[in-house]
Amino acid sequence: MEFNYENRVGVWKRLVAKVVDAIFILIMAYFLIADLLLGLFKSTSIAGGLKEAMGFAIAINVSMLLYNLIEGLTGASPGKMFKKIKVAKEDGSKAGISDFMKRWVIINLPGIATLLYLALGIDIISTAGSIFSLVLFVGYFFIFGKKRQALHGKYSKTVIINK
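Quick summary incoming for the structure in this document. None of these values were measured; they are calculated from a predicted model.

What counts and how
- Residues numbered from 1 in each chain as written.
- Predicted model: local features only at pLDDT ≥ 70, side-chain atom pairs only at ≥ 80, totals over all residues.
- Heavy atoms only, no water.
- Helix = DSSP H or I, 4+ residues; strand = E, 2+ residues; numbered from the N terminus.
- Expected span 1.5 Å × (residues − 1).
- Buried < 20%, exposed > 50% of the residue type's maximum accessible area, 1.4 Å probe, protein only.
- Arc of directions from axis to C-beta.
- Contact = heavy atoms within 4.5 Å.
- Phe/Tyr/Trp six-rings, centres within 6.5 Å; stacked < 30°, edge-to-face > 60°.
- 1 Å grid on protein atoms, 1.4 Å probe; cavity = no way out; pocket = protein on both sides within 12 Å on 5 of 7 lines; lining within 4 Å.
- Points joined across faces, edges and corners; volume = space filled by probe spheres on them.
- Nonpolar A, V, L, I, M, F, W, Y, C, P; charged D, E, K, R; others polar.

Let's talk about helix H6 (residues 123-140)
Phase 1 of the analysis: Along its 18 residues, H6 runs 26 Å from first to last C-alpha, staying within 8% of the 26 Å computed at 1.5 Å per residue.
Phase 2 of the analysis: If you check which residues of H6 are buried, you get Ile125, Gly129, Leu136 and Gly139. When H6 is viewed along its axis, its buried side chains cluster within an angular range of 90° and face the same direction. Turned more than 90 degrees off the buried face of H6, the exposed positions are Asp123, Ile124, Leu134 and Phe137.
Phase 3 of the analysis: Each element contacted by the buried residues of H6 is listed here: helix H4 (97-107), helix H5 (109-120) and helix H7 (151-156).

Describing the packing of aromatic side chains
Phase 1 of the analysis: This model, assessed by the stated rule, comprises two aromatic pairs.
Phase 2 of the analysis: Here the aromatic rings of Phe137 and Phe141 are separated by 5.3 Å at their centres, their planes lie at 85°, and the arrangement is edge-to-face.
Phase 3 of the analysis: Given a relative accessible area of 45%, Phe141 falls into the partly exposed group.
Phase 4 of the analysis: The interplanar angle of 20° and the centroid separation of 6.3 Å between the aromatic rings of Phe141 and Phe144 together place this pair among those described as stacked.
Phase 5 of the analysis: Feature note: the residues Phe137, Phe141 and Phe144 constitute an aromatic cluster, connected by ring pairs.

Notes on the layout of surface pockets
Phase 1 of the analysis: Reported here for the largest pocket is a volume of approximately 1100 Å³.
Phase 2 of the analysis: Taken together, 37 residues make up the lining of the largest pocket; nearest its centre are Lys18, Tyr67, Asn68, Ile107 and Asn108.
Phase 3 of the analysis: Sorting the residues of the lining of the largest pocket by element identifies helix H1 (11-41), helix H2 (48-74), H4 and H5 as the ones contributing at least two each.
Phase 4 of the analysis: Along the lines of polarity and charge, the residues of the lining of the largest pocket split into 25 nonpolar, six polar and six charged.
Phase 5 of the analysis: Its boundaries defined by the atoms lining it, the second largest pocket holds a volume of some 160 Å³.
Phase 6 of the analysis: Tyr5, Arg8, Glu90, Phe142, Gly145, Lys146, Lys147, Arg148, Gln149 and Lys154 together form the lining of the second largest pocket.
Phase 7 of the analysis: Per-class residue counts for the lining of the second largest pocket are two nonpolar, two polar and six charged.

Observations regarding the environment of Phe31
Phase 1 of the analysis: Here Phe31 shows up in helix H1.
Phase 2 of the analysis: Counting along the chain gives 28 residues from Phe31 to Ala59, while the straight-line C-alpha distance between them is 9.6 Å.

Structure (structure tokens):
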């Protein structure tokens, strides 16, 4: 029996949700976290511009961590909540924490590879990160297919559906 793909979400709702998520992360990082972190750097001898850049970089990462926690615990990011869509298993049932963890790792493989490269200095890890980025980029175009499922959804066995 073939699964009914009508409840799966296509490109436009996802795109709007991503824009809302990006705005959410930037606002949270700038207003809620950046000022707190910059206060921690006041007593250091780091040059002014670098101090702000470091504070904002940390703030963006903390904001993205909070974003992922929200999505993992509720099934929807702020943008997805706004568009009334959520992450689910392929069969439409509720996705579990392990599903979100697989999804997160696949989506963030390029960043994980970059961190490993910076920590270890092994060039092949940087190359692998670039390849992961390209594969994920191409994989996003799978959303236009009948199953409306990006590559990271295919491997984590998750989809975006209407609530």
